[in-house]
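Structure at a glance
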Amino acid sequence: MKTYAVETAGLTKRFRSIPAVDAIDLKIPQGEIFGLVGENGAGKSTLMKLLAGMMQPSEGSFRLFGKEGKEDAFLYHRVGALIEQPGLIPSLTAMENMKTKALAMGLHDERELQRLLALCDIDKSGRKKVRAFSLGMKQRLGIALTLINDPDLLILDEPTNGIDPRGFEAIRSLLLRLNREEGKTIIISSHILEELSKIATSYGFMRKGRIIEQLSSQELEEKSQEYLLLRTPDAAGAAVLLEERFAVRSYRIVSASELQINERVDSAALIAALVKADIPVWECTLHHQSLEQYFFAKNGGERDVESAAQ
Ligand SMILES: Nc1ncnc2c1ncn2[C@@H]1O[C@H](COP(=O)(O)OP(=O)(O)OP(=O)(O)O)[C@@H](O)[C@H]1O
């Protein structure tokens, strides 16, 4: 049976009766890097705080690694969270910050702390105080702090926000290492899908407190690839021809007069074959949808429909 790191059922959090997280049913299998995507105010941080035990739900429940989240206090030792500010003490060094948190948790293994600092590439900062760190270094130290209790699930809220490309690359390779070599499940949020796409293995699109779509990186890749759009009065007939003559399986009948073809196909040969079969072709155009376009179609597109209806 598949083990889920996270399973939520109707998980809801309201602030003054307004839902910030609205009846979310979500399943995240163990071993994933789950990218939580959504615009500002979508409810990402609130969802993460609920899962990290930093907030109580108004309704609903969740399970972590198959156990009831809010009932099993021990379970939170399996979770490491970096939400909003990393909670660093600016007047201390990286190691002093690590020791302070470790002592508060009753842990004393200095060699392990040194290993974590090296893993997060922050071990060479020596006597430098945290206040002199770059944003990227602070975030990496923030991640090192979340690793002290060796959690199985890491919850990271926009850890790459405001970080330059080099800093981003360092965090990206760190997270991939934590996932692949140390087997950690990671939930990471961002409003920049392009960034997440370099890390995530699956995604949840969040809007107005709801998960509006959950899909794997492969599915997202397919949806954001090039496609051929065929406009014809007989989309169904064209689809049959496409399958029989061109062995194309990946297509979608968008409407009675539109066919989206997701596989590469010789468009000139296709048009010739359609015309020969008495299927008129009004238009045949190549389109490319970027990840960003896909994201905005999910967000802005639906908003436009709603506001037009109001
Ligand atoms: N403690 C709180 N009290 C009242 N309202 C809150 C509180 N925390 C969040 N909210 C509201 O809940 C909604 C979701 O906020 P949340 O911070 O979870 O979104 P987000 O997707 O993480 O956004 P951002 O990317 O800006 O952090 C927002 O409308 C926010 O104003």
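Let us look at the structure shown here. (Residues numbered from 1 in each chain as written. Predicted model: local features only at pLDDT ≥ 70, side-chain atom pairs only at ≥ 80, totals over all residues. Heavy atoms only, no water.)

The next thing to look at is helix α5 (residues 165–180). End to end, α5 covers 22 Å across 16 residues, agreeing with the expected 22 Å (1.5 Å per residue, within 8%). Within α5, the full set of buried residues consists of Gly167, Phe168, Ile171, Leu174, Leu175, Leu176, Leu178 and Asn179. As for α5, its buried residues are in contact with β4 (33–37), α3 (110–119), α4 (135–146), β8 (153–157), β9 (185–190) and α6 (193–196). (Helix = DSSP H or I, 4+ residues; strand = E, 2+ residues; numbered from the N terminus. Expected span 1.5 Å × (residues − 1). Buried < 20%, exposed > 50% of the residue type's maximum accessible area, 1.4 Å probe, protein only. Contact = heavy atoms within 4.5 Å.)

Quick look at the site of the ligand now. Taken together, the residues surrounding the ligand are Phe15, Ala20, Glu39, Asn40, Gly41, Ala42, Gly43, Lys44, Ser45, Thr46 and Glu158. In the model, an oxygen atom of the ligand is placed 2.9 Å from a nitrogen or oxygen of the Gly43 main chain. Within the side chain of Glu158, an N or O atom sits 3.3 Å from an oxygen atom of the ligand. Ranked by the residues each element gives to the shell around the ligand, the list is headed by helix α1 (residues 44–51), at 3 residues. Taken together, the residues of the shell around the ligand break down into 3 nonpolar, 5 polar and 3 charged. (Near = heavy atom within 4 Å. Polar contact = N/O pair within 3.5 Å; in protein donor to acceptor, adjacent residues only side chain to side chain. Nonpolar A, V, L, I, M, F, W, Y, C, P; charged D, E, K, R; others polar.)

What follows is about α4. For α4, spanning 12 residues, the distance from its first C-alpha to its last is 17 Å, which sits close to the expected 16 Å at 1.5 Å a residue. Buried residues dominate α4, accounting for 10 of its 12 residues. Buried within α4 we find Gly136, Met137, Gln139, Arg140, Leu141, Gly142, Ile143, Ala144, Leu145 and Thr146. Summarising the contacts, the buried residues of α4 are in contact with β7 (79–82), α2 (94–104), α3, β8 and α5.

Further remarks concern the packing of α2 against α4. Between α2 and α4, the least distance of the axes is 10 Å, while the angle of their chain directions is 30 degrees. Accordingly, the angle class assigned to the pair α2 and α4 is roughly parallel. The handedness of the crossing between α2 and α4 comes out as right-handed. Between α2, through Ala94, Asn97, Met98 and Lys101, and α4, the contact on the second element is made entirely by Leu141, Ala144, Leu145 and Thr146. In the contact of α2 with α4, the residues fall into 5 nonpolar, 2 polar and 1 charged. (Axes fitted to C-alpha atoms, helices over the stretch in contact; angles between N-to-C directions. Parallel < 35°, antiparallel > 145°, perpendicular 65-115°, else oblique. Left-handed = near helix turned anticlockwise from the far one by under 90°.)

Helix-helix packing is described using two parameters, namely the angle between the two axes and the distance between the axes. The interhelical angle for the contact between helix α8 (residues 235–246) and helix α9 (residues 267–276), taken along N-to-C directions, is 120 degrees, at an axis separation of 11 Å. It follows that α8 is oblique to α9 by the angle criterion. Where α8 crosses over α9, the two elements pack in a sense that is right-handed. On α9, the residues that touch Ala238, Leu241, Leu242, Arg245 and Phe246 of α8 are Ala269, Leu270, Ala273 and Leu274. Residue classes in the contact of α8 with α9 are distributed as 8 nonpolar, no polar and 1 charged.

Moving on: the sheet that holds strand β15 (residues 283–288). Read across the open sheet, the 4 strands follow the order β13-β14-β12-β15; overall the sheet is antiparallel. Two strands lie at the open edges of the sheet, namely β13 (251–255) and β15, each paired on one side alone. Taken over all neighbouring pairs, the strand axes of this sheet differ in orientation by 25 degrees on average, direction set aside. Note: β13 against strand β14 (residues 258–261), 4 bridges, orientation antiparallel. Paired with Ser255 across the two strands is Glu258, which belongs to β14. Across the sheet, α8 is in contact with β12 (226–231), β13 and β14; its angle to β13 comes to roughly 170 degrees. Each of β12, β14 and β15 touches α9; the most contacted strand, β12, lies at about 20 degrees to it. (Pairing = 2+ DSSP bridges.)

Counting 45 residues, the largest nonpolar core has Met98, Leu141, Ile143, Leu175, Leu178, Tyr203 and Phe205 as the members making the most contacts within it. A total of 6 residues in this core trace back to one element, the largest contributor, which is α5. In contact with Phe205, other than residues within four places in its own chain, are Val37, Leu193, Arg210, Ile211, Ile212, Glu213, Leu215, Leu220, Tyr294 and Phe295. In terms of nonpolar packing, the next biggest core, distinct from the first, is built from 25 residues, Ile28, Phe65, Val79 and Ile187 among them. (Core = buried A, V, L, I, M, F, W, Y, C linked by side-chain atoms within 4.5 Å.)

Moving on, we get to the pattern of salt bridges. Considering all chains together, one arrives at 15 salt bridges under this definition. The residue Arg210 makes a salt bridge to Asp22 at a minimum N-O spacing of 3.4 Å. Note that Arg210 is positioned in strand β11 (residues 210–216) and Asp22 in strand β2 (residues 18–24), a separation of 188 residues in sequence. For Arg210, a relative accessible area of 42% gives the class partly exposed. Here Arg127 and Glu96 are joined by a salt bridge, their closest N and O atoms 3.4 Å apart. Here Glu96 lies in helix α2 and Arg127 lies in the loop between α3 and α4, a separation of 31 residues in the sequence. (Salt bridge = Lys/Arg side-chain N within 4 Å of Asp/Glu carboxyl O.)

In this section: the environment of Leu291. On the secondary structure map, Leu291 appears in helix α10 (residues 291–309). By relative accessible area, which is 10% here, Leu291 ends up buried. Residues Leu291 and Tyr4, spaced 287 residues apart in sequence, show a C-alpha to C-alpha distance of 27 Å. When residues no more than four places from it in sequence are discounted, the contact partners of Leu291 are Leu193, Glu194, Ser197, Leu220 and Ser224.

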